[in-house]
Each structure stands twice: as structure tokens, then as C-alpha cells.
Amino acid sequence: MASIYHLAMRTADYLRFAWFYRHTFGATCPPECANPSVVRIGGVVFHVFEVDRLDADGGAAHVGHYAIEVDGVGTFAKVREQLLALSSTEGSASISAST
């Protein structure tokens, strides 16, 4: 089975990005941006680049959305509420069962 090796993402504020992923998902993040910084959440690796500004189209490294996996609907609801409380999502989400 194929799997994702890493995702490349851009941010205009690495420290804010790192804080959010540490507090929401328990990510391991370097204390300062290294361009790219290797951020790990479980088995998922993000290569994070800090840029001066983000273009509207996002450019080549833009990630428009991503998926997270949880162990059930209750965990999904808890994570969704955390994201809403941090104003990190507009609230749209869907649940898909993996096989």
C-alpha cells in the first residue's frame, strides 16, 4: 500500500504554526524555523517553510486541506471543538470510515 511520505506547507508565521500543532496534536516542532522545519505528528511529517507572504493561489507548496484520523466519533467531536475554539477552522468537516 502507498502512503504519504511528507507534506510541504507554507506559513507566514512559523511560531504560531508550531504552537498550534504542538497544542492541538502534540506535534514535535523545532523551536525556530529552519526552512524547512521538520514537524512530526505521529507518523506524519510536515516540511514547513516560513515565507514573507502567502499568495492567494498558494503556489506550488500550498496545502488546501488535510485529513486527520481519529479513533471514533467522540474523539472527532472533541478535536473539532478544539479547532473551533482556536478559530482554526470554519467548522466544515466530514467523517469517512477507513477500511
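Procedures and definitions
Residues numbered from 1 in each chain as written. Predicted model: local features only at pLDDT ≥ 70, side-chain atom pairs only at ≥ 80, totals over all residues. Heavy atoms only, no water. Pairing = 2+ DSSP bridges. Helix = DSSP H or I, 4+ residues; strand = E, 2+ residues; numbered from the N terminus. Axes fitted to C-alpha atoms, helices over the stretch in contact; angles between N-to-C directions. Parallel < 35°, antiparallel > 145°, perpendicular 65-115°, else oblique. Left-handed = near helix turned anticlockwise from the far one by under 90°. Contact = heavy atoms within 4.5 Å. Nonpolar A, V, L, I, M, F, W, Y, C, P; charged D, E, K, R; others polar. Phe/Tyr/Trp six-rings, centres within 6.5 Å; stacked < 30°, edge-to-face > 60°. Buried < 20%, exposed > 50% of the residue type's maximum accessible area, 1.4 Å probe, protein only. pLDDT = per-residue confidence, 0-100. Expected span 1.5 Å × (residues − 1). Arc of directions from axis to C-beta.

K.L.:
Explanation requested: the sheet that holds strand S3 (residues 44-50) in the structure shown.
P.N.:
Adjacent strands of a sheet form backbone hydrogen bonds with each other and so pair up, either parallel or antiparallel. Pairing is mixed in the open sheet, where three strands are placed in the order S1-S3-S2. Bordering the open sheet on either side are strand S1 (7-11) and strand S2 (37-41), each of which pairs with just one other strand. When strand polarity is set aside, the average angle formed by the axes of neighbouring strands in this sheet is 35°. Here S1 runs beside S3; their pairing, made up of five bridges, is parallel.

K.L.:
Would you take a moment to explain the packing of helix H1 (residues 14-25) against helix H2 (residues 73-85) for this structure?
P.N.:
Between two packed helices, what matters for the description is the angle formed by their axes and the separation of those axes. Running from amino to carboxyl end, H1 crosses H2 at an angle of 150°, the nearest separation of the two axes being 11 Å. It follows that H1 is roughly antiparallel to H2 by the angle criterion. Between H1 and H2 lies a crossing of right-handed hand. Contact residues: H1 offers Phe20, Thr24 and Phe25, while H2 offers Val79, Gln82 and Leu83. Residue composition of the contact of H1 with H2, by class: four nonpolar, two polar and no charged.

K.L.:
In this structure, what is going on with the packing of aromatic side chains? I would like to understand it.
P.N.:
One pair of aromatic rings is described through two measures. These are the centre distance and the angle between the planes. In this structure the tally under the stated criterion is six aromatic pairs. When the centroid spacing of 6.2 Å and the interplanar angle of 80° are considered together, the rings of Phe20 and Phe25 count as edge-to-face. Overall, the relative accessible area of 11% leaves Phe20 in the buried class. Classification of Phe25 as partly exposed rests on a relative accessible area of 22%.

K.L.:
Is there a simple way to think about the confidence of the model for the protein chain in this case?
P.N.:
Detailed conclusions should not be drawn from predicted coordinates in areas where pLDDT is low. The predicted model of the protein chain has a mean per-residue pLDDT of 77, with 69% of residues at 70 or higher. Across the protein chain, S2 holds the top mean pLDDT of 92, while H2 sits lowest at 81.

K.L.:
What exactly am I supposed to notice about H1 here?
P.N.:
For an α-helix, the turn length of 3.6 residues means that residues three or four places apart are oriented alike. The end-to-end C-alpha separation of H1 is 16 Å, in line with the 16 Å expected for twelve residues at 1.5 Å each. Along H1, the positions that sit buried rather than exposed are Tyr14, Phe17, Ala18, Phe20, Tyr21 and Thr24. Taken end-on, H1 shows its buried residues confined to a sector of 165°, consistent with a single buried face. Summarising the geometry of H1, the exposed residues directed more than 90 degrees from the buried face are Arg16 and His23. At its buried positions, H1 is contacted by S1, S2, S3 and H2. Phi turns positive one or two residues past the end of H1, at Gly26, with a value near 70°.

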